[in-house]
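# Residue-level structure breakdown
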Amino acid sequence: MLPENPFERWRLLPLNQVAALKLKEAGESSDSERLPVFQLMTWGLVNGVRPTHRRTAQELLRLQYQNPAEAFTYLTSNIPGGLSGLQRKLLKMTPKEAAAELLDTLDMRLKADPRNPYGR
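Residues numbered from 1 in each chain as written. Predicted model: local features only at pLDDT ≥ 70, side-chain atom pairs only at ≥ 80, totals over all residues. Heavy atoms only, no water.

### Observations concerning the overall build of the chain
As a reminder of what qualifies: Numbering of helices and strands runs from the N terminus; a helix is a DSSP stretch of H or I covering at least four residues, while a strand is a stretch of E covering at least two. Put simply, the radius of gyration uses C-alpha atoms, and a globule should come to 2.2 Å times the residue count raised to 0.38. Only protein chains enter the accessibility calculation, which uses a 1.4 Å probe; a residue whose area is less than 20% of its type maximum is buried, one above 50% is exposed, and one in between is partly exposed. The contact criterion used is simple: two residues touch if any of their non-hydrogen atoms lie within 4.5 Å.
When you go through the chain residue by residue, the secondary structure sums to 7 helices and 0 strands. Reading the helices (α) and strands (β) of the chain from amino to carboxyl end gives α-α-α-α-α-α-α. Compactness check: the chain gives a C-alpha radius of gyration of 13 Å against a globular reference of 14 Å for 120 residues, within 12% of the reference. Taking the principal axes of the C-alpha coordinates as reference, the chain spans close to 45 × 30 × 25 Å. Residues classed as buried in the chain amount to 44% of the 120 residues present. Sequence-distant contacts in the chain: of pairs separated by 6 or more residues, those separated by 24 or more amount to 63%.

### As for the packing of helix H3 (residues 36-46) against helix H7 (residues 95-112)
The cut-off we apply is this: Axes here mean lines fitted to C-alpha atoms, for a helix over just the part in contact, with angles spanning 0 to 180 degrees between N-to-C directions. Should an angle lie under 35 degrees it is considered roughly parallel, over 145 roughly antiparallel, and from 65 to 115 roughly perpendicular; all remaining angles are considered oblique.
Where H3 meets H7, the closest approach of the two axes is 8 Å, and the angle between their N-to-C directions is 110°. Between H3 and H7, the angle falls in the class roughly perpendicular. Counting all contacts with H3, which are made through Val 37, Leu 40, Met 41, Trp 43, Gly 44 and Leu 45, the residues of H7 involved are Pro 95, Lys 96, Ala 98, Ala 99, Leu 102, Leu 103 and Leu 106.

### Description of the environment of Ile 79
Take Ile 79: it is sitting in the loop between helix H5 (68-76) and helix H6 (82-91). Each C-alpha atom of the pair Ile 79 and Met 108 lies 8.7 Å from the other, and the pair is 29 residues apart in sequence. Apart from residues no more than four positions distant in its own chain, Ile 79 is found in contact with Leu 86 and Thr 105.

### Examining the packing of aromatic side chains
To be explicit about the condition: Classification of ring pairs uses Phe, Tyr and Trp, with its six-membered ring standing for Trp, and accepts pairs whose centres are within 6.5 Å; under 30 degrees between planes counts as stacked, over 60 as edge-to-face, and the remaining range as tilted. Any Lys NZ or Arg CZ that is within 6 Å of a ring centre and within 35 degrees of that ring's normal is treated as a charge sitting over the ring.
Across all of its chains, the model carries 1 aromatic pair by this definition. When the ring centre of Tyr 74 is taken as origin, the NZ or CZ atom of Arg 109, which lies over that ring, is 4.2 Å away.

### Looking at the pattern of salt bridges
How we decide: Counted as salt bridges are all cases of a side-chain nitrogen of Lys or Arg within 4 Å of a carboxyl oxygen of Asp or Glu.
Under the counting rule described, the total for this entry stands at 7 salt bridges. Ionic pairing is found between Glu 101 and Lys 89, a salt bridge with its closest N-O pair at 3.2 Å. One end of the pair, Glu 101, is in helix H7; the other, Lys 89, is in helix H6, and 12 residues separate them in sequence. Residue classification places Glu 101 among the buried positions, given a relative accessible area of 18%. Among the ionic contacts, a cluster of salt bridges with common partners joins Arg 55, Glu 59 and Arg 62.

### Overview of the environment of Ser 30
Relative to the elements of secondary structure, Ser 30 occurs in the loop between helix H2 (14-25) and H3. A relative accessible area of 32% means that Ser 30 is categorised as partly exposed. Filtering out sequence-adjacent residues up to four positions away, Ser 30 remains in contact with Arg 11, Ala 20, Leu 23, Pro 36 and Gln 39.

### Remarks on unusual backbone geometry
Most peptide bonds take the trans configuration, and most residues that are not glycine carry a negative phi. Phi is positive for Asn 78, close to 55°, though the residue is something other than glycine. Relative to the helices and strands, Asn 78 resides in the loop between H5 and H6.

So this is what it looks like as structure tokens:
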């Protein structure tokens, strides 16, 4: 049975489940206010992962507190190799490597967005 809360449904998507697993491996508990995928990226920044662009952290902050459906869809649109490929790749990584991979994914997504002056 699916949870009635739409936010909880987004938390149950495979990518968020993988991110929650990586957070648990890192000794972190999932935050009920944010999707695990965004929490893992933030954890990575706090723990020494350097983003490729200086605005990545700013954009991450903006995304993680907007509508979870819109933010998740934005992050996962046009992922090279597809979403399931990314999920499989993340499962094999350490939490820090997974956070770096997700930050790189966000960075690529931001650079490809014609509405965003990011990277120009």
